[in-house]
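Descriptive structure summary
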Amino acid sequence: MTVLARINSPADLKGLSSIELKQLADDVREFLIESCSNTGGHIGAGLGVVELTIALHYAFDAPRDQLVWDVGHQGYPHKVLTGRRDRMATLRHEGGLSGFLKRSESPYDAFGAGHAATSISAALGIAAGRDLNHDDFKVVAIIGDGSMGSGLAYEGLNNAGAGDRDIIVVLNDNEMSIAPNVGAMHKYLTSVQRNPLYNRVRSSLGQIFEQHDKGKGAVHDIGALIKRWEESVKAFLTPGVLFEELGFRYFGPIDGHDIDQMIGTFKAVREFKGPRLVHVITQKGKGFPAGEHGEKWHALPPGHDPATGKQLTASRANPNWTTVFGRGLTELMEEDARLVVITAAMSSGTGANLVQKAHPSRFFDVGIAEGHAVTFAAGMATQGLRPVAAIYSTFLQRGFDNIVHDVALQHLPVIFCLDRAGLVGEDGETHAGLYDIAYMLAVPHMTVTAPSSGAELVGLLRSAMARGADPFSIRYPRDACPDVVGPAREIAAVPYGTWEVLRRGNDEVAILAVGTMVAQAAKAAETLAVEGLDVTVVNCRFLKPIDQETLAALLHDHKTLLVVEEGTVVNGFGAYLASLVEQMEPQVRVIAHGVPDRVVYAASRARQLSLCGLDAEGIAAKVRALHDAGALAG
Ligand SMILES: Cc1ncc(C[n+]2csc(CCOP(=O)(O)OP(=O)(O)O)c2C)c(N)n1
C-alpha cells in the first residue's frame, strides 16, 4: 500500500515520519503523472510543488488556516491531499474537478483562481476579515515568480507591507512563468538564488531544524527556535532586502524540495506576526519522466505518453488559429517594418513565439502584465510603430481601462489580436473569452472584427495595417482553423467595414453570423433548406463599423435578423445591431442569439457550443422556433 493511499485529508499527514513524507511525495508525483496522462492538464506546475504542498499542509491546519494558491494551476497536489484523489480522473471534464481551484469544489480551496497574481490581495482581504471577526487563523498566499512580476502582486505587497496584519506570502520561485520568466524582478530573484550565501543559509538552517527535530520538537521549544532562526537569518539578511524594505520579514531562499527544511521553516514562520515572505526555490516539472523541461510540460493534452509527453493519437485537424496568426503575422512583418508584437507572458499560447524566432528585436514579452502591455503598445504607437498586442480575450479584461484611456482616446493604431475568444472547453469558466465583443464594442474609435476563416484572419490583419489611426481588434477561438491557409502575400486585405452575403434566401429570416458562427450558420441553412426554409446567411466580419449598405439591403428583404455570436448575449453584437436597426427600420426584429447570461463550466468546446445552442443544430432550432412561435414580425 502506498503512503498516498492512507491520506484522505491533511490531518492524515500529521502522523507521518520524515521518511514517510518523502515517500508520499514520490507517490503523489507518480499518481499525478499517471492521472494527467489520461486527463491532460497543467502537470508542470503541480510537479514542482509536491513537497511544498505537503509541507504547507503539515505545518498549517487547513481549512481553518487558509491557503490561497495563485492561478490555481499548480493545485493538483493540493487536490490530491485534500480528499479529491478519487476524482482526479474527472479533472477538466464536464461535471468533474476544475483544472484550477474553486471555492465551491472544496472547503480547502480558500479562494478561487485561474488568472494570475490575485493571491496576495485576496489573502490580505481574508486576513482583514479575520481580524474584524476577532478570529486568529493563519492566511498563506502562495505565488509564483512569474505572477510576482504582475502589477496586481505589487499592489497587494504594497498594501500588506505598510501594515502589521498577520499574513504569510510563499514565493514559489522556479525561474519560469509559462516560458522562462522575464523582467527585473526575475533578475533580482535569480541573483538571490545565485548568491553564494544561499548555500550557507541552507546548511545553517538545516542544522537548526535537525537539532529541533531530535526530540525537542515540543511547542515550548518554538520560542528558542525562532530566536535562533532570527539570529541566523539576520546574519544573512541581504538576499531579501527588497521584500524587507517593502515591510515584509523575509525568510529564505530555501530548498522547495526539502520537506523537512520547509516544515521547520513554516512552523517557525507561523509563530511570527505581521507580513512575512518565505522564498522557496523549486524546479517546475520535477520528476516528469520525459525530462524536467518547464515550458514543454506546463500543460499537456489528454492521452499523452508520460515517457515522452507526446499525444498518443495524432490529431488530423488543421493548424489552430494561434498558429495561423503567428505564421501570418511573421510573414506580414517582413513586408512592413513598423509591425512589432507584444505578449504578456503568453508567447507560445498566442503564437507570438513564431515572430520571436523570425524577428527577435520586434518581439516583446512584458510578463504577466496585460494592462502594462496595452499602454506599452500605445507608447510604441506614438513613435510611428504598428504594435500588435496578442493577448487572450480573458486576460485582456485586465487591460480595459488602458484600451480606453491610453489607446482609444489618443486615436492610436494598436492592433489587438484576441486569441481564445469564445468558449474555451476544458479550461473552464475562468478562461472563457465571452466578454470581448461587449467590451470592445463599447470603446470609441475601436474597429471590432471576427474572421470566419484563417485566410480572413490574415486578410483582417492586412486591413488593420492599412488603417492609419485608431485601434483595431480581431478575435478568434481556441480551435482548429476551418481552412488551410496559404502564404500571406497571396491574401488580400478584407475591404474595411464590409460584410459578405454567403447565401441569399427567400425566407423572412436572415442569419447574421459572427466569426466561428459563420460556418455553423451556413450548415444550419443547408439543413433548413431541406425543410423548405430558405434563409439568408451573412458573414458579419466587421462588428464595428457595420456594413451599412448590406444591412440596408437585408432590412429591405427580411423581417427578422437572427444575430449569432460566440460571446455573451448581454450587450453583444446582437444588442448593438438591435439598437441601430431600431433607428433605421423599427419593424424589423433583431434577435440576439449568443452565450446565455450565465457561467459556462468546463466541458469540451463542442459540448459547450451545443449547450448554448451555438452549433448548427442549435441555430437551426432557433430559426424553427422563431417560425413556430409566430415570433416573426408581421
Ligand atoms: C492574468 C493572467 N495572465 C496570464 C495567465 C496565463 N498563465 C497561467 S500560468 C502562467 C505562468 C505563471 O507563472 P508562475 O506564477 O511563476 O507560476 P508557475 O507556473 O511557475 O508555477 C501564466 C502566464 C494567467 N493565468 N492570468
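On a predicted model such as this, the values are computed, not experimentally measured, just so you know.

Rules used in this analysis
- Residues numbered from 1 in each chain as written.
- Predicted model: local features only at pLDDT ≥ 70, side-chain atom pairs only at ≥ 80, totals over all residues.
- Heavy atoms only, no water.
- Helix = DSSP H or I, 4+ residues; strand = E, 2+ residues; numbered from the N terminus.
- Salt bridge = Lys/Arg side-chain N within 4 Å of Asp/Glu carboxyl O.
- Buried < 20%, exposed > 50% of the residue type's maximum accessible area, 1.4 Å probe, protein only.
- Pairing = 2+ DSSP bridges.
- Right-handed = clockwise from strand over helix to strand, strands pointing away.
- Phe/Tyr/Trp six-rings, centres within 6.5 Å; stacked < 30°, edge-to-face > 60°.
- Lys NZ or Arg CZ within 6 Å of the ring centre and 35° of its normal.
- Core = buried A, V, L, I, M, F, W, Y, C linked by side-chain atoms within 4.5 Å.
- Contact = heavy atoms within 4.5 Å.

Regarding unusual backbone geometry
Following A62, the chain continues into P63 via a peptide bond in cis, with omega recorded as 5 degrees. Structurally, the position occupied by P63 is in the loop between α3 (50-59) and β1 (66-69). Note the cis peptide between G252 and P253, where omega equals -5 degrees. The topology assignment puts P253 in strand β4 (residues 249-255). Despite not being glycine, A117 has its phi angle at roughly 75 degrees, a positive value. Assignment of secondary structure puts A117 in the loop between α4 (76-84) and α5 (119-132).

Points about the pattern of salt bridges
Applying the stated rule across the entire model yields 33 salt bridges. We note a salt bridge from R84 to E105, for which the minimum N-O separation is 2.8 Å. Remark: E105 occurs in the loop between α4 and α5 and R84 occurs in helix α4; sequence separation between them is 21 residues. A relative accessible area of 18% means that E105 is categorised as buried. Through salt bridges with shared partners, one network takes in K14, D61, D65 and R270.

Brief notes about the environment of A184
Here A184 is to be found in helix α7 (residues 184-194). Residue classification places A184 among the exposed positions, given a relative accessible area of 63%. Separated by 35 residues in the primary sequence, A184 and G149 have C-alpha atoms spaced 8.3 Å apart.

Points about the pairing of strand β16 (residues 560-568)
Burial of β16 is extensive: nine of the nine residues sit out of reach of the surface. As paired elements, strand β13 (residues 509-513) and β16 share five bridges and run parallel to each other. By the bridge assignment for β16, L512 is matched with V563. Looking at chain direction, β16 and strand β17 (residues 589-595) are connected through six bridges and run parallel. Residue T560 lies in a different strand from β17, and its bridge partner there is R589. Read from β16 through helix α22 (residues 573-584) to β17, the crossover connection turns out right-handed.

Here we look at the packing of aromatic side chains
With the rule as written, the count across this model stands at 13 aromatic pairs. One aromatic cluster is present, formed by Y188, F243 and Y250 through successive ring pairs. Residue placement shows R130 over the ring face of F137; its charged tip is 5.8 Å from the ring centre.

Overview of the pairing of strand β14 (residues 536-539)
Because side chains alternate across β14, one face comprises the buried residues T536 and V538, and the other comprises V537 and N539, equally buried. Bridge count between β13 and β14: four bridges; the pairing is parallel. Among the inter-strand pairings, A513 is bridged to a residue of β14, identified as N539. Taking the sense of rotation as the criterion, the β-α-β connection linking β13, helix α20 (residues 517-530) and β14 turns out right-handed.

Some thoughts on the nonpolar core
One broad rule of soluble globular proteins: the nonpolar side chains tend to lie buried together. Membership of the largest hydrophobic core comes to 79 residues, with the highest contact counts inside it found for F416, W499, L512, L561, F573 and L577. Contact partners of L561, with chain neighbours within four places excluded, come to A510, L512, L551, L554, L555, V581, V588, R589, V590 and I591. One finds L16, Y76, M262 and I263 within the second-largest nonpolar core, a separate group that totals 51 residues.

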